[in-house]
Amino acid sequence: MSLLEVENLWVRFPTRQGIFDAVRGVSFTLERERLGIVGESGSGKSMTGRAILRLIRKPGIVEADAIRLEGRNLLDLTEPEMRKVRGQKISMVMQDPKFSLNPVMTIGDQIMEAYLLHNNTSKAQARAKAIAMLEAVSIRDPERVMRAYPHEMSGGMGQRIMIAMMLIPDPQILIADEPTSALDVSVQRQVLDIMDGLVKERGMGLIFISHDLNLVSEFCDRVLIMYAGRIVEVCDADKLHQAKHPYTQGLLNSLPRLDQPKKHLEVLKRDDAWADGESVGGS
Amino acid sequence: MSASDTNQERRRRAPLFPWIKGTLLTLGSIAVTMLGLLFVTFVIGRVMPIDPVLAIVGERASQSTYDAVYEQLGLDKPLIVQFFYYLWDVVRGDFGMSLLNARPVSEDIARVFPATMELATLGVFVGIVLGVPLGVVAAVNRGSWIDQIARVVALVGYSMPIFWLGLMGLLVFYGVLGWVGGPGRLDIFYQDIVPTRTGMILLDSALAGEWSVFRNAFSHIVLPASLLGYYSLAYISRMTRSFMLEQLSAEYVTTARVKGLSERAVIWRHAFKNIRVQLITVIALSYANLLEGSVLTEIIFSWPGIGSYITTALLSADMNAVLGGTVVVGLIFICLNILSDLLYRVFDPRSK
Ligand SMILES: Nc1ncnc2c1ncn2[C@@H]1O[C@H](COP(=O)(O)OP(=O)(O)OP(=O)(O)O)[C@@H](O)[C@H]1O
Ligand SMILES: [Mg+2]
């Protein structure tokens, strides 16, 4: 049994021009591995991630044959049951820590809240756990950081705090939605290394959403390529250059490469036919 | 990480200086605002085509009496000196004599202001207790029938003339149903029983343990206070709704949901905490409006408050009373501003 199985997932938004399908029949499975989702802006990566957590806001509609977590269909759960899945089983790190941390709550309170919600322990124990977790994401002086507010933190610190907060209830799956695109290039790798280390150490499944093919091929085992709400190709991260789909090849060709310098980078070409093809199963 | 670490260092090394600077700035701006206010009231007092001497001595006084009073009021001095005299008077709480009843204006204000304060406080209390939850619920259920009802409730509050609502309220709840007391603060039977301490009858009677007086006072205040509360509710609920909508679409709210928090915790523990600062400003504004004295409400309900006091004074050209009242109302605005500024610092960690 897979850790996570997504079957024929659709995310729809009613708009004035009719129904807009942001995700169109996506299927894939996730084991205790690192799965990358790549695609251009608007291709439905974030919506796929949020649909798994059932966090698509009204008026958005999520439809799927099944979204199974260890065999249990999340679509059949009641909202209170789903709340036990969120955080505890599946967690998510979002793009910009500037906006994803609550500005008027101390960092300590926010991390402890995540732990206390799913563990029936004392505050003192939650505190100790939170400090240990901050140390695990290489934060110096965690006692001080616990008392601090998010605006006192830099982006890299904020994102490590976010990772600590999302991993403290010990989930099995982490969805990282462009966790480093808002950060300075200099700290991107540092943050990813920390996240990667923790995910491996705990034997979790990771869904790493990004539009940076280089990062994805480096930090993932497998990659799904999304285009206009569909998965157009699935490949192993180390075999990306053998990708067959013209869109993937286009993405690869538009990347600068040190080993094969080029005068001009190719412009990404698109074909409406790709959007209409069958979605590739990602298992 | 290094950038923020050095920021932290800097903050720890010199924590006092910005605080002192901030306080001095606030005090300075308060002083300037007050001076400005007093300057305006002073100028109005001088340019009004009302002769303050004549108003005191009367039409038939002799020239020597007139001159004596003229001098006594300091009107022979240069304007700037007069202004400092005026400042000094105000600082001592001396607004001059009321020309209408020959009593010190400050005494009059000390009598009428608590009446307004009692009414306004209860009114804004109603506005907060009902308006804030209504706004939150409307935002959370945006577009639903609850939101529509909240919209209509607020719209009626904005657009109904207060005298009509007031008269209708009196007619129905006092005249027909007899559920509430009529105009005035107390029935005659209950007047002058409790000693005046705060000037607010509810408080005074509670302090004296005179619960029958308290009940009677409550039955009188409940209708005008609800009326003012309704207006305050209309404003507060609309503002709360729009503040909440803004927060509910923020990313940290999604984070809270990802953690697995219940919707209730997401709304109140996360989103609502972030609108406290804005809400305080709105509530302070609403309170200040009510404290200014809602003239129409005070007139309809024969409420002896500062609104009707200033209006009466204005209509009888009692300049000292008008200006005294204006200064007091201005001071209230300034005080509420300071208060909301202080609370702002308490509730927003970013302002520290
Ligand atoms: N509330 C909404 N109403 C209508 N359309 C929406 C709504 N939310 C998202 N969409 C659409 O869904 C599509 C997919 O959005 P999604 O956020 O998943 O893209 P993405 O692949 O994550 O892109 P990015 O790289 O920019 O984050 C977009 O075209 C977007 O316009
Ligand atoms: Mg996205």
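In every chain, residue numbers begin from 1 and rise along the written sequence. Lettering for chains starts from A, numbering for ligands starts from 1, and both go in the order in which the items are written. For a predicted model such as this one, the threshold for reporting local features is a pLDDT of at least 70, and the threshold for listing and counting side-chain atom pairs is 80 or more; totals across whole chains, interfaces and linings nevertheless cover every residue. Water and hydrogen atoms were dropped before computing side-chain values, which therefore reflect all heavy atoms in the structure.

This paragraph deals with the pairing of strand 1 (residues 4-15) of chain A. All names here are of chain A. Think of it this way: DSSP has to see at least two bridges between two strands before they count as a pair. Strands here mean DSSP runs of E at least two residues long; helices mean DSSP runs of H or I at least four residues long; both are numbered from the N terminus. Two elements, strand 1 and strand 2 (residues 18-30), share 10 bridges in a ladder whose sense is antiparallel. Paired with Leu 4 across the strands is Leu 30, a residue of strand 2. Hairpin connection of strand 1 to strand 2: 2 residues between the antiparallel strands. As paired elements, strand 1 and strand 5 (residues 66-69) share 4 bridges and run antiparallel to each other. Looking at the pairing, Glu 5 lines up with Arg 68 of strand 5. Pairing of strand 1 with strand 4 (residues 61-63), which is carried by 3 bridges, proceeds in the antiparallel orientation. Across the sheet, Val 11 pairs through a bridge with Val 62, a residue of strand 4.

With that settled, consider the environment of Gln278(B). Residue and element names in this part refer to chain B. Within the secondary structure, Gln 278 sits in helix 13 (residues 276-291). Under the scheme applied here, a residue whose accessible area is under 20% of the maximum for its type counts as buried, over 50% as exposed, and between as partly exposed, the area being computed with a 1.4 Å probe on protein chains only. For Gln 278, a relative accessible area of 25% gives the class partly exposed. By definition in these notes, contact holds between two residues if any of their heavy atoms fall within 4.5 Å. Each residue touching Gln 278, except ones within four places of it in the same chain, is listed here: Phe 243, Glu 246 and Gln 247.

All names here are of chain B. For chain B, the assigned domains are domain 1 (3-91) and domain 2 (105-351). For domain 1 and domain 2, the distance between their C-alpha centres works out to 30 Å. Throughout, buried area stands for the accessible area (probe radius 1.4 Å) lost by two parts on being put together, summed over both. Together, the buried faces of domain 1 and domain 2 total about 990 Å²; carbon and sulfur atoms form 85% of this surface. N or O atoms within 3.5 Å of each other form a polar contact, as long as, within protein, one can give a hydrogen and the other can take it, and as long as residues adjacent in sequence are counted only when both atoms are side-chain atoms. Counting across the domain 1 and domain 2 interface gives 1 residue pair in polar contact (both at pLDDT 80 or more). Counting residues per element, the ones that place at least two in the side of domain 1 that touches domain 2 are helix 2 (16-47) and helix 5 (79-91). Polar here means any residue outside two lists: the nonpolar Ala, Val, Leu, Ile, Met, Phe, Trp, Tyr, Cys and Pro, and the charged Asp, Glu, Lys and Arg; Gly therefore counts as polar. Taken together, the residues that form the side of domain 1 that touches domain 2 break down as 9 nonpolar, 6 polar and no charged. These domain limits were set by an automatic method or by a database of domain assignments.

Before going further, it helps to examine the site of ligand 1. Residues and elements named next belong to chain A. Taken together, 13 residues lie near ligand 1, and Ser 41, Gly 42, Lys 45, Ser 46 and Met 47 sit nearest. Take Gly 44: an N or O atom from its main chain is 3.0 Å from an oxygen atom of ligand 1. Here an oxygen atom of ligand 1 sits 2.9 Å away from a polar atom, N or O, in the main chain of Met 47. Contact with the protein chains removes 65% of the 640 Å² of surface that ligand 1 exposes when unbound. We define proximity as follows: a residue is near a molecule or strand when any one of its heavy atoms falls within 4 Å of that partner. For accessible areas, the Shrake-Rupley method is used with a probe of radius 1.4 Å. Any residue's cover is judged against the shown protein chains and nothing else.

So, on to the sheet that holds strand 10 (residues 222-227) of chain A. Residue and element names in this part refer to chain A. Within the open sheet, the 6 strands sit side by side as 7-8-9-3-10-11. Their pairing is mixed. The sheet terminates laterally at strand 7 (90-93) and strand 11 (230-236), the two strands that pair on one side only. Averaged over all pairs of adjacent strands, the angle between their axes in this sheet comes to 20°, without regard to strand direction. For every element, the axis is a line fit to its C-alpha atoms; helices are fit only across the contacting stretch, and the angle between N-to-C directions ranges from 0 to 180 degrees.

Interface size is commonly expressed as the accessible surface area that is lost when the partners come together. Taken residue by residue, the interface counts 25 residues in chain B and 35 residues in chain A. Salt bridges are counted wherever a side-chain nitrogen of Lys or Arg sits within 4 Å of a carboxyl oxygen of Asp or Glu. Where chain B meets chain A, there are 3 salt bridges. Here Glu113(A) ties to Lys259(B) by a salt bridge, and the two come within 2.7 Å at their closest N and O atoms. Where chain B touches chain A, the interface holds 10 residue pairs in polar contact (both at pLDDT 80 or more). Those elements that provide at least two residues to the side of chain B that touches chain A are helix 1 (2-13), helix 11 (251-259) and helix 12 (263-271) of chain B. Per element, the largest residue contribution to the side of chain B that touches chain A is 7 residues, and it comes from helix 11 of chain B. Split into classes, the residues belonging to the side of chain B that touches chain A amount to 6 nonpolar, 8 polar and 11 charged.

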